[in-house]
Structure formats: C-alpha cells, structure tokens
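Fold and contact review
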Amino acid sequence: MGLKEQQNCLSQRKIIVYMILALTPIALFRLCFNNPFSTIDDNSLLDSTAHVVITNYSSSSSSSSHEEEEAQESFDHIKNEALCDYTEGKWIRDEIGPLYNGSTCGTIKEGQNCFRHGRPDSGYLYWKWKPNQCDIPRFDANRFLDLMKNKHLAFVGDSMARNQLESLVCLLSTVAIPDLIYRNGEDNKFRKWRFESHNVTVSVYWSPFLVAGKEKSGNLDHNVLQLDRVDEKWGNDLESIDTIVVSVGHWFLHPAVYYESGSVLGCHSCEASNCTEIGFYDIFRKAIRTTLKAVAGNRREVILTTFSPSHFEGRPWDSLGACNMTEPYEGKVLEGLDLDMRRIEMEEFKAAKAEAAGEVRLEALDVTAMSVLRPDGHPGPYMYAFPFKNGVPERVHNDCLHWCLPGPVDTWNEIMIEVLRRWRV
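Given the structure is predicted, the values throughout are model-derived calculations rather than measurements.

1. Details of the sheet that holds strand β4 (residues 179–184)
Judged by pairing direction, the sheet is mixed, and its seven strands sit side by side in the order β4-β5-β6-β3-β9-β12-β13 without closing on themselves. Here the strands that pair on one side only, and so sit at the sheet edges, are β4 and β13 (361–365). Looking at each pair of strands side by side, their axes are set apart by 15° on average, direction ignored. Bridging between strand β3 (residues 152–157) and strand β9 (residues 243–247) involves five bridges; their strand directions are parallel. Within the sheet, the bridge partner assigned to Phe 155 lies in β9 and is Val 245. Helix α6 (residues 281–295) rests against β9, β12 (301–305) and β13 of the sheet, and its axis sits at about 160° to β12. Helix-sheet contacts for helix α9 (residues 409–423) involve β3, β9, β12 and β13, and the interaxial angle to β12 is about 155°.

2. Thoughts on α6
For α6, built from 15 residues, the straight-helix expectation of 21 Å at 1.5 Å per residue is met to within 8% by its first-to-last C-alpha distance of 22 Å. For α6, the full list of buried residues reads Ile 283, Phe 284, Arg 285, Ala 287, Ile 288, Thr 290, Thr 291, Leu 292 and Val 295.

3. Regarding the packing of helix α4 (residues 159–172) against α9
Interaxial distance between α4 and α9 falls to 9 Å at its minimum, and their mutual angle equals 75°. Relative to α9, α4 is oriented roughly perpendicular. Contact residues: Met 160, Asn 163, Gln 164, Ser 167, Leu 168 and Leu 171 in α4; Val 409, Asp 410, Trp 412, Asn 413 and Met 416 in α9. Broken down by class, the residue content of the contact of α4 with α9 amounts to six nonpolar, four polar and one charged.

Conventions used here
- Residues numbered from 1 in each chain as written.
- Predicted model: local features only at pLDDT ≥ 70, side-chain atom pairs only at ≥ 80, totals over all residues.
- Heavy atoms only, no water.
- Pairing = 2+ DSSP bridges.
- Helix = DSSP H or I, 4+ residues; strand = E, 2+ residues; numbered from the N terminus.
- Axes fitted to C-alpha atoms, helices over the stretch in contact; angles between N-to-C directions.
- Contact = heavy atoms within 4.5 Å.
- Expected span 1.5 Å × (residues − 1).
- Buried < 20%, exposed > 50% of the residue type's maximum accessible area, 1.4 Å probe, protein only.
- Parallel < 35°, antiparallel > 145°, perpendicular 65-115°, else oblique.
- Nonpolar A, V, L, I, M, F, W, Y, C, P; charged D, E, K, R; others polar.

So, in structure tokens, the structure goes:
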C-alpha cells in the first residue's frame with residue numbers, strides 16, 4: 001500500500017471514531033428515558049434477593065394496576081418463603097448482655113432468679129445464638145407489641161411453658177408495664193397480664209399433659225391421662241385465644257395410667273394389676289396429636305415449642321456439682337430422650353401442617369438442639385437463695401431443667417418474634 005492510500009485509510013478511521021464519539025451521548029440519553037429493559041418482571045430477581053423485604057412503595061396515582069400486582073406477588077413470595085434454618089448454629093460471645101436482670105423484672109419465679117439467689121458467675125448471660133445461615137435480631141419489645149396488637153397470646157403446658165412465658169413478660173416489661181389482671185392456682189400456674197398501650201393480653205395455663213388428666217397427689221401415686229380430649233382448663237378458653245404456644249414433655253416420664261375412649265390403654269412405670277406397661281413415647285405422640293387437632297381452626301396461630309433438654313448428665317438431682325458448667329458445649333449432638341421427644345413433636349407438627357393445608361398458621365419453635373448446648377444456663381443449686389452461705393453441704397438440691405432468667409430461654413422468644421413477623425407480612 002502506498003503512502004497516499006495509508007493516509008486515506010487513517011482519515012477514514014478517524015472519521016469512524018469521531019462518529020462513534022458523537023453518537024454515544026445520544027444513545028445514552030435515549031437509554032435513560034426509554035429503557036428497553038424496563039419490561040423485565042421483578043419476580044425473576046426474587047430468587048437472589050429472597051431475604052430483602054420491601055416495607056413500603058409508592059401509592060401515587062401514577063402507579064399502574066400492573067405494578068401493584070407485581071408488588072403483591074413479591075410480598076406473597078416472601079410470605080411463603082421458608083423461615084431461615086435457625087436450628088443449626090453455635091453460641092457466640094455477646095458483650096451487650098441481656099435486656100433485663102433479676103432486679104428490673106418483678107415476674108421472675110424465685111427458683112429461676114439466679115442473679116438474686118447469689119450465683120457468683122455472670123458469663124452465662126453473655127452468649128447469643130448465631131445460626132449458620134442467618135442472624136437473629138435482638139428482641140424488640142415495641143415490635144412484638146405491634147405484632148400482637150389487640151390479640152391474646154397464651155402459653156399452655158408445663159413449667160417450661162411458664163419459663164418461656166416469664167421470659168417474654170420480662171422482655172416486654174422493658175418498654176411497658178404489664179398489668180396483672182388474673183391469678184389463680186398455687187405457684188402462679190394460671191395468670192394473665194394486659195399491656196394497655198397495645199391492648200395485648202399474655203397468659204399462661206398450667207397443663208402438663210395438654211390432654212385431660214389428673215396429677216398424682218396424696219394417695220394417688222401416679223398420673224392419669226385421658227388421651228382423646230384436651231384439658232378443659234385451657235380448652236374452654238380456646239375461642240378467646242388468638243395465638244397459642246404449647247410446650248410439654250417432662251411430665252410424661254412420670255408413672256401414669258392411660259385412658260382412651262373410657263377404656264384403660266396401658267400404663268408407664270406402674271405397679272397396678274391388670275395394666276399393661278406400654279411406655280410413654282406413643283402416649284406423648286397421642287397427646288401432641290390430640291392437641292394440634294383441637295387448636296387447628298378459625299385461622300388461629302399455633303406455635304409448638306419443642307422439647308427442652310435437662311443437664312443432670314446422669315447425676316442425682318441432689319448431688320454436689322450437678323450442672324455446674326459455666327460455658328456452652330461445642331459440637332454436642334442430640335441423642336437419647338432429647339432426640340426421641342423432639343422427633344415425635346416434629347413428625348406430628350409436619351403431619352398436622354399438611355392436614356391443615358394452609359387453613360391454620362402452624363409453626364414449630366425448634367429449640368431442642370440449641371438448648372442442649374447450654375448446660376451453663378440452669379439455676380443448679382441457686383434454685384434456692386445463697387445455698388452455700390453456711391458452707392458446702394454433702395448434698396444440695398439442683399435445678400438442671402429450668403432456665404435462669406435472664407438466660408438461654410430469652411433466645412426462644414427472639415425466634416418467636418420472627419415467626420410472628422412472617423405471619424403478619
């Protein structure tokens with residue numbers, strides 16, 4: 001190619017470059033004001049942003065019905081999305097500590113007020129549960145009251161239900177003073193509070209079997225259970241309850257005789273004649289099944305709190321040093337009784353949810369695995385005030401079942417508020 005031809009070629013290339021530079025601003029201007037990608041359905045992006053919840057959007061007259069439909073579909077997608085798997089994780093250090101203490105909350109049962117009873121260590125207060133796949137927000141009492149506005153929340157079950165209830169009342173007391181409007185029964189077994197600011201009612205019903213029954217006392221050395229109907233002490237009030245939390249387990253280990261349809265079904269750890277030993281696992285399953293059938297109706301919200309492990313670790317309840325751990329376990333897995341009781345509850349929960357087919361809001365508060373890692377969270381000898389003030393005895397009563405308040409049980413309510421939040425979407 002000669003020199004002249006090379007110059008012509010270079011001139012042509014310059015002209016092309018100048019044309020591109022001149023047309024680029026025009027193309028960008030048109031792209032901004034006439035976006036060819038604006039017709040992409042927002043739902044196609046939801047899989048990658050499933051945990052982002054849009055809480056408000058423009059309601060101006062310029063919003064088209066098509067845009068509103070797309071927004072509603074987005075909310076429906078988030079609503080139906082499974083709750084983050086909080087069951088797998090670990091306890092990590094939390095320097096902030098609890099929202100309340102044994103002095104600021106007046107509703108703590110004496111046996112769980114470890115701080116006021118002289119427990120010398122405080123490290124058990126500075127842990128939080130960290131799921132592998134998500135984070136659990138710190139308990140927001142105002143948010144909880146907003147979610148439960150004009151509703152009645154009832155805890156039904158044994159002393160573990162009461163333990164969780166008292167934790168919740170203490171957490172809510174950080175922003176509002178509860179008004180105790182009802183009390184009946186020894187050991188605070190039946191109580192009801194109202195938070196006037198939001199017209200929220202919180203109550204507890206003592207029912208250690210959930211089904212009808214009679215507890216051992218006096219000359220009766222065993223419990224009696226009627227497996228085909230729920231306990232009327234809470235069943236009669238069911239229509240006034242909007243959200244019910246059921247929690248039982250440990251009372252099924254005690255000696256008992258079981259009835260169904262008026263006939264003796266069998267017994268557990270009993271010496272009664274003409275009665276067949278059948279254990280308690282199947283009975284526990286029947287009681288959970290009867291309860292879930294009874295509460296599933298009228299769009300009621302139902303939460304099943306799973307079995308709460310104890311940490312006697314095979315030692316006698318009055319042995320010195322029982323549940324004297326000061327830090328959580330690492331890597332301990334469920335086994336034995338804890339594993340079996342949780343399995344039964346989860347199987348019955350899944351069956352009940354499938355049968356309800358969306359007609360009732362039903363969720364399992366699966367706390368067994370995270371709780372088995374907290375041997376440090378029990379009162380131990382501090383179920384009584386200052387148990388060693390007169391020296392160290394050979395024997396001392398220990399509570400390695402219930403939880404100190406504040407303590408690990410507060411986490412249960414942090415998870416529960418997330419369940420309620422998703423129900424309100």
